[in-house]
Amino acid sequence: MIVDIHTHIFPDKIAAEVIENLSKQSRAKYFTDGTLNGLLDSMKKFGVNKSVILPVATKTSQVEKINSFAAQMNEKFSAQGIIYFACIHPDFENYRAELSRVKSLGLKGIKIHPVYQGVNLDDKKFLQIMYRAAELDLIVITHAGLDIGFPGVVGCSPKMARHVVEEIGDFKFILAHMGGWKNWDEVLTELADKNIFMDTAFSVGKIPARSDFIWKDEDLKLLNAEEFMKLYKVFGADKILFGTDSPWDSPATVIDFIKNLPIPEFDKNKILGGNAEKLGISG
């Protein structure tokens, strides 16, 4: 069982324009057309059994509509391995009732994005949302570390994530991009003693760069096998989940990376899908 816990899609009508604009902003190429059908084709091609779609609300007015749509899509496409998460916005006033509705709709968790949503992870606005999510046993997955489209901006640093866990305690908390994109040394120093999860999305090998932009080789580097193993040895296989950030990376790249690591097969299987199933993402 291979479960990709970090993917994104866009409505068919705007997908082509949105994905090209984001690609130019980030200077990274894309591997699907950004649509649901594109994701399904990619899953079939590379042997991914289930994919979690993570919507982000950039306005409060989007929250209820997106979550209702997510529930409808789960009913329609769950048999094909599609699992939509819910969204929430830090300025959404009736967050307690909305998260209760998310739970009642059968959605497994919520996605937040401190950079896109303009509020730091350990701000009171997000803390109260995560408290409520923890009460409801909802998974919280957040963008963590730098963002390729917003150079120098960190809305979720490892230190902020540490503060969250110290405030809330243990809950189902996933820090995307191996705990903090390009903040990996700080992930080791700040979070080694905390009960957090992390995903592999857009974090291993090299940034898949567009050919029409000039990159410095150093800027393209993500985690190599040796650097990944440092995180593995500290956090253990039980805390790492396979994710691609599709359409921004190919499942083949990340799956091959994991399969070639010098770790036991049962740990590879945990990362590729077992941990997601244990969290209840795919169950």
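Whatever comes next refers back to the structure up there.
The structure reproduced in this document is the subject of the present report.

Attention now moves to the environment of Ile110. Mapped onto the elements of the fold, Ile110 is located in strand β5 (residues 109-112). Separated by 108 residues in the primary sequence, Ile110 and Ile2 have C-alpha atoms spaced 21 Å apart. When neighbours within four sequence positions are excluded, Ile110 is seen to be in contact with Phe85, Ala86, Ile88, Leu99, Ile129, Ala133, Ile139, Val140 and Ile141.

A few words on unusual backbone geometry. A cis amide bond links Ser246 to the next residue, Pro247, at an omega of 15°. Here Pro247 lies in the loop between β11 (240-241) and α11 (251-259). Not every positive phi belongs to a glycine, and Arg27 is a case in point at roughly 65°. Here Arg27 shows up in the loop between α1 (12-26) and α2 (36-46). One non-glycine residue, Asp245, lies in the positive phi region at around 65°. Looking at where Asp245 falls in the secondary structure, it is placed in the loop between β11 and α11.

A word on helix α3 (residues 63-77). Taking 1.5 Å of rise per residue, the 15 residues of α3 would be expected to cover 21 Å, and the 21 Å separating its terminal C-alpha atoms lies within 8% of that figure. Within α3, burial applies to Val63, Asn67, Ala70, Ala71, Met73, Asn74 and Phe77. One side of α3 holds all its buried residues, which, seen down the axis, span an arc of 165°. Pointing more than 90 degrees away from the buried face of α3 are the exposed residues Lys65, Gln72, Glu75 and Lys76. Buried residues along α3 sit against α2, β3 (82-84), β4 (86-87) and α4 (95-104).

For strand β1 (residues 3-7), the tally of buried residues reaches five of five residues, placing the bulk of the element in the interior. Two strands pair when backbone bridges link them, and β1 and strand β2 (residues 50-53) are joined in this way by three bridges, in the parallel orientation. Directly across from Asp4, in β2, lies its bridge partner Ser51.

With that settled, the discussion passes to the pattern of salt bridges. Within the structure shown, the criterion is met by 14 salt bridges. The salt bridge involving Lys270 is made with Asp238; its shortest N-O contact spans 2.9 Å. Of the two residues, Lys270 is situated in helix α12 (residues 265-279) and Asp238 in the loop between α10 (225-235) and β11; the sequence distance between them amounts to 32 residues. Among the residues examined, Asp238 registers a relative accessible area of 36% and is labelled partly exposed.

Strand order in this open sheet of six strands is β4-β5-β6-β9-β10-β11, and the pairing throughout is parallel. Lying at the two open borders of the sheet, with one neighbouring strand each, are β4 and β11. One ladder, built from two bridges, connects strand β9 (residues 173-175) with strand β10 (residues 197-199); its direction is parallel. Bridge assignment links Leu175 to a residue of β10, and that residue is Met198. Contacting β5, β6 (139-142) and β9, helix α6 (residues 124-135) crosses the sheet at an angle of about 165° to β5.

Analysis parameters
Residues numbered from 1 in each chain as written. Predicted model: local features only at pLDDT ≥ 70, side-chain atom pairs only at ≥ 80, totals over all residues. Heavy atoms only, no water. Helix = DSSP H or I, 4+ residues; strand = E, 2+ residues; numbered from the N terminus. Contact = heavy atoms within 4.5 Å. Expected span 1.5 Å × (residues − 1). Buried < 20%, exposed > 50% of the residue type's maximum accessible area, 1.4 Å probe, protein only. Arc of directions from axis to C-beta. Pairing = 2+ DSSP bridges. Salt bridge = Lys/Arg side-chain N within 4 Å of Asp/Glu carboxyl O. Axes fitted to C-alpha atoms, helices over the stretch in contact; angles between N-to-C directions.

Function cannot be read off these values alone, since they describe shape.
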